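# Topology and contacts: notes
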Amino acid sequence: MIPLILLAVLAFCVLVQLFYALYYFLPLSRYKDPEPDTLRPVSVIVAAHNEQDNLFELLPMLLDQQYPEFEVILVNDRSTDDTEFYVYELERQFPNFRVVTIKKTPEYLNSKKYALALGIRAARYEHMLFTDADCRPCSDRWIEKMQSGYSAGADLVIGYSPYKKLGGFLNHLIRYETLLTAIQYLSHANKGHAYMGVGRNLSYTKSCFFRNKGFASHIKTTGGDDDLFVRDAVNNSKASIVISKEGQTVSIPKRTFREWLIQKRRHMAAGRQYNAADRGRIGTFISSNILFYTLVIILLVLNSHLTILAALIGVRYLVVFPVYLSVARRLDEGVSLPLLPLLDIAYFFSYLLLGVSVVLNKRIRWK
């Protein structure tokens with residue numbers, strides 16, 4: 001009797017996943033970015049804390065963007081390396097490059113949000129585009145492509161930012177986790193349910209920022225300058241997405257499992273503050289996958305109803321995985337087909353472990 005109940009629950013989990021794959025995710029594989037209607041002036045804002053080596057690479061790429069009117073604002077946030085000397089020279093050479101220097105952050109404020117807020121206040125233009133110091137635009141038309149999102153009447157544009165391909169299983173896992181997370185938030189935004197974006201590639205207007213009182217609702221929270229801002233903004237702002245390769249930024253991934261866990265714990269901690277409806281949609285998808293793998297393991301141990309079990313696994317893999325791969329191709333993201341089942345299992349169980357970790361240990365820092 002118990003194995004039959006477990007099989008019924010497993011079948012329900014598969015149905016849930018098929019619904020998400022076909023209703024939410026599959027349309028993303030056919031999505032086309034909006035055509036730009038006009039080339040608006042843009043302020044590109046980067047907050048950096050002791051990122052001299054990354055800025056050596058990033059800032060020339062930003063200043064070399066093929067766009068008629070833009071400025072680059074570097075918020076030098078309490079850096080103790082040689083960032084100050086490097087950006088001083090750039091200011092002399094490029095009239096569209098400016099530096100905002102922070103010597104000390106007020107104790108009651110989150111340092112990154114404080115840095116971004118000062119950069120936003122210093123911005124000359126209404127339309128702003130954000131990335132991080134360890135990111136690189138994938139083309140010299142990055143600004144242009146991201147600004148095309150405003151042609152649909154939006155004042156918030158959510159972009160995609162994959163991680164650089166390196167060797168090793170951890171890198172495969174990081175890139176798969178980034179892809180699957182992006183599939184979720186981009187597809188939900190495409191359906192009119194935007195709940196997050198990533199600060200590595202995000203754009204919004206000054207009006208949108210001030211209309212939603214900036215980061216006020218989560219100013220003391222570590223993280224959330226991107227996803228929690230999007231959470232607040234979509235209540236009275238329209239969001240659009242841009243996913244083409246030319247509109248992406250690529251980021252440098254963590255090199256150790258410990259560094260990656262710290263990063264993900266910070267992201268998941270902010271996720272606890274999502275709206276109930278968003279948590280319900282995300283939680284249903286994640287929970288159905290974790291429960292799916294858990295039940296598969298239990299039924300294999302019980303050696304029960306293996307034919308039906310194999311059929312359910314086959315249906316899930318033959319529908320869900322092709323959708324993932326289809327979206328990955330649209331995002332120009334490579335996924336190792338032989339590793340895909342293992343990566344999928346590792347992703348959902350690491351999500352479970354990270355969730356438990358966040359609940360048990362709430363002390364999380366940015367820098």
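This write-up is about the structure you can find in this document. (Residues numbered from 1 in each chain as written. Predicted model: local features only at pLDDT ≥ 70, side-chain atom pairs only at ≥ 80, totals over all residues. Heavy atoms only, no water.)

### A closer look at helix H10 (residues 276-302)
- The end-to-end C-alpha separation of H10 is 37 Å, in line with the 39 Å expected for 27 residues at 1.5 Å each.
- Two residues or fewer after H10 comes Asn303, characterised by a positive phi angle close to 55°. (Helix = DSSP H or I, 4+ residues; strand = E, 2+ residues; numbered from the N terminus. Expected span 1.5 Å × (residues − 1).)

### Section: the pattern of salt bridges
- For the structure on display, the rule yields 16 salt bridges.
- As a salt-bridge pair, Arg281 and Asp278 come within 2.5 Å of each other at their nearest N and O atoms. Of this pair, Arg281 and Asp278 both sit in helix H10, three residues apart, roughly one helical turn.
- For Asp278, a relative accessible area of 6% translates into the label buried.
- When salt bridges with common partners are traced through the structure, they connect Arg141, Glu144, Lys145 and Glu246 into a single cluster. (Salt bridge = Lys/Arg side-chain N within 4 Å of Asp/Glu carboxyl O. Buried < 20%, exposed > 50% of the residue type's maximum accessible area, 1.4 Å probe, protein only.)

### Digging into the pairing of strand E3 (residues 97-102)
- Of all six residues in E3, five are buried; the element is thus mostly enclosed.
- Note that the unit made of strand E2 (residues 70-77), helix H3 (residues 83-93) and E3 has a crossover that is right-handed. (Right-handed = clockwise from strand over helix to strand, strands pointing away.)

### Brief notes about the nonpolar core
- Within the largest apolar cluster, 81 residues are counted, with the highest numbers of intra-cluster contacts made by Leu186 and Tyr204.
- At 13 residues, the largest contribution of residues to this core is made by helix H1 (residues 2-29).
- No fewer than three residues from each of domain 1 (1-28 + 276-360) and domain 2 (32-254) sit in this core.
- Those residues within four positions of Tyr204 in sequence are excluded, and the remaining contacts are Ile120, Glu126, His127, Met128, Phe130, Tyr150, Asp155, Leu156, Phe209, Phe215 and Phe229.
- Within the second largest apolar cluster, 26 residues are counted, among which are Val44, Leu129, Val157 and Val242. (Core = buried A, V, L, I, M, F, W, Y, C linked by side-chain atoms within 4.5 Å. Domains from an automatic or database assignment. Contact = heavy atoms within 4.5 Å.)

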